[in-house]
Amino acid sequence: MASNELPRHKAELIDLCIRNQILKFGSFTLKSGRVSPYFFNAGLFNTARTLSCLADAFAQTLLQDKNLPEFDVIFGPAYKGIPLATLVCARLGALDEKFLDVGYSFNRKEKKDHGEGGGIVGVQLKGKRVLVVDDVITAGTAMREATDIIKAEGGILSGIVVCLDRQERTTDGENSAIENCKAEYNVPITAIITLEDLIAGVPDETLKEQMREYGKQYAPISRQ
Ligand SMILES: O=P(O)(O)OC[C@H]1O[C@H](OP(=O)(O)OP(=O)(O)O)[C@H](O)[C@@H]1O
Ligand SMILES: O=C(O)c1cc(=O)[nH]c(=O)[nH]1
């Protein structure tokens, strides 16, 4: 175990995020409209060095997961899920040849009506078992949009893995977004790090306290 009782891979990822300002502190308005004292900007995994660490984190989490589902395609919701899907697909294939025929795909936020047309880039989802990868889950709106797309395209959701679970409740209920997804889809859902991990891994006591307070404000009933 590394410092603060966090497993080493989590502590190292959090350090990397702080050093590269991927994890920032201040006041940030989220997709849900909530105003958060911290923000995880996965768009700043924007160098080979940082992307490679992120690929390690996703691959390690997936390969160590005893409940890892079978999947044919890795789907990354636009926009920040897009590089994640290609990254994870390439890294899994490089680590184990059993993944070499796994595909990737992502949605366009706006449909294309010329050229190849359509709303999906990469492997088409019809009849395929689909693993969703995304950066963050907060209130679950983006994940709902992603699972709706997979259903509409005829894909079969087989699992979800996100980099950060902010452990917040949905905008219209008392459960967390991840709890809702688990109940609704009955598929394995994993997060590399959670808000609890961030609080353990951030060294500054004032920031820890701000994150705890915010976490309490939007905590699902299971964490109250
Ligand atoms: O759980 P939620 O409340 O939906 O919030 C989390 C989502 O919000 C952000 O996506 P956003 O749609 O802002 O866009 P981007 O990926 O295009 O940056 C983030 O990348 C997550 O996908
Ligand atoms: O909820 C969001 O919109 C959100 C939170 C976060 O930490 N990072 C992000 O990209 N989006």
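Since the structure is predicted, the reported quantities are computational estimates derived from the model, not experimental observations.

Moving on: the confidence of the model for the chain. In this model, the chain carries a mean pLDDT of 94, and residues with pLDDT of at least 70 account for 98%. Here the predicted complex carries an ipTM of 0.97, next to a pTM of 0.95.

A separate point is the state of the cysteines. This model, assessed by the stated rule, comprises zero disulfides. With no disulfide partner, Cys89 has as its closest neighbouring cysteine sulfur the one in Cys163, 18 Å distant. The class of Cys89 is buried, set by a relative accessible area of 13%. Cys163 provides the cysteine sulfur closest to Cys181, a residue in no disulfide bond, and the two sulfurs are 17 Å apart.

Turning to the nonpolar core, a few remarks are in order. In globular proteins that are soluble, nonpolar side chains generally tend to be buried together. Ranked by size, the top nonpolar core spans 45 residues in total, and within it Leu13, Phe40, Phe45, Phe58 and Ile74 carry the most contacts. For Phe45, the residues in contact, after removing those within four places along its chain, are Leu13, Leu16, Cys17, Ile22, Phe40, Thr50, Leu51 and Leu54. Core analysis: the next-biggest nonpolar cluster, separate from the first, contains 19 residues, Phe75, Val130, Ile160 and Val162 among them.

Let's shift gears to the packing of aromatic side chains. If you walk through the whole model with that rule in mind, you get six aromatic pairs. Here the aromatic rings of Tyr38 and Tyr214 are separated by 6.1 Å at their centres, their planes lie at 85 degrees, and the arrangement is edge-to-face. In this pair, Tyr38 is assigned in strand β2 (residues 35–40) and Tyr214 in helix α7 (residues 205–217), connecting sequence segments 176 residues apart. Of the residues examined, Tyr214 reaches a relative accessible area of 3% and is grouped as buried. Joined through ring pairs, the aromatic side chains of Tyr38, Tyr214 and Tyr218 make up one cluster. Here Arg166 stacks its cationic end above the ring of Tyr38, 4.0 Å away from the centre of that ring.

Moving on, we get to helix α1 (residues 8–19). If you check α1, its first and last C-alpha atoms are 16 Å apart, about what twelve residues at 1.5 Å a residue would give, namely 16 Å. For α1, the complete set of buried residues consists of Lys10, Ala11, Leu13, Ile14, Leu16 and Cys17. Where the residues of α1 are buried, they touch β1 (23–29), β2, α2 (48–63), β7 (156–165), β8 (189–194) and α6 (195–201). Immediately downstream of α1, the backbone of Gln21 shows phi near 55 degrees, a positive value.

Let us look at the site of ligand 2. Close contacts around ligand 2 come from Leu30, Lys31, Phe39, Phe40, Lys80, Asp135, Val136, Thr138 and Arg166, and that covers them all. One nitrogen or oxygen atom from the main chain of Phe40 is found 2.7 Å from a nitrogen atom belonging to ligand 2. Lys80 places a polar side-chain atom, nitrogen or oxygen, 3.5 Å from an oxygen atom of ligand 2. In isolation ligand 2 offers 290 Å² of accessible surface; the protein chains occlude 89% of this area. Using a 2 Å cut-off from the grid points, one finds that ligand 2 occupies the largest pocket.

Below, the discussion takes up empty space enclosed by the protein. Tallied over the entire structure, the rule returns one cavity of 30 Å³ or more. The calculated volume of the largest cavity comes to roughly 40 Å³. Looking at the largest cavity, the residues that line it are Leu62, Asp65, Leu68, Pro69, Leu131, Gly159, Ile160, Val161, Pro188 and Thr190. Of all the elements, β7 adds the most residues to the lining of the largest cavity, at three residues. Split by residue class, the lining of the largest cavity holds seven nonpolar, two polar and one charged.

Locating Lys208 in the fold gives a position in helix α7. It is Glu205 that comes nearest to the buried, bridge-free Lys208 among opposite-charge side chains, at 4.7 Å. Setting aside its immediate chain neighbours within four residues, Lys208 contacts Ile199, Ala200, Val202 and Pro203.

With that settled, consider helix α4 (residues 141–152). Here α4 contains twelve residues, and its C-alpha end-to-end distance of 16 Å stays within 8% of the 16 Å for a straight helix at 1.5 Å per residue. Along α4, the residues that are buried comprise Met143, Ala146, Thr147 and Ile150. Mapping the buried residues of α4 onto a view down its axis gives an arc of 95 degrees, with all of them on the same face. Looking at the packing, one finds that the buried side of α4 touches β3 (73–76), β6 (129–137), β7 and α5 (177–185).

What counts as what
- Residues numbered from 1 in each chain as written.
- Chains lettered and ligands numbered in written order.
- Predicted model: local features only at pLDDT ≥ 70, side-chain atom pairs only at ≥ 80, totals over all residues.
- Heavy atoms only, no water.
- pLDDT = per-residue confidence, 0-100.
- Disulfide = S-S within 2.5 Å.
- Buried < 20%, exposed > 50% of the residue type's maximum accessible area, 1.4 Å probe, protein only.
- Core = buried A, V, L, I, M, F, W, Y, C linked by side-chain atoms within 4.5 Å.
- Contact = heavy atoms within 4.5 Å.
- Phe/Tyr/Trp six-rings, centres within 6.5 Å; stacked < 30°, edge-to-face > 60°.
- Helix = DSSP H or I, 4+ residues; strand = E, 2+ residues; numbered from the N terminus.
- Lys NZ or Arg CZ within 6 Å of the ring centre and 35° of its normal.
- Expected span 1.5 Å × (residues − 1).
- Near = heavy atom within 4 Å.
- Polar contact = N/O pair within 3.5 Å; in protein donor to acceptor, adjacent residues only side chain to side chain.
- Areas by Shrake-Rupley, 256 points an atom, 1.4 Å probe, with all protein chains shown as cover.
- 1 Å grid on protein atoms, 1.4 Å probe; cavity = no way out; pocket = protein on both sides within 12 Å on 5 of 7 lines; lining within 4 Å.
- Sits in = over half its atoms within 2 Å of the grid points.
- Points joined across faces, edges and corners; volume = space filled by probe spheres on them.
- Nonpolar A, V, L, I, M, F, W, Y, C, P; charged D, E, K, R; others polar.
- Lys, Arg positive; Asp, Glu negative; His and termini not counted.
- Salt bridge = Lys/Arg side-chain N within 4 Å of Asp/Glu carboxyl O.
- Arc of directions from axis to C-beta.

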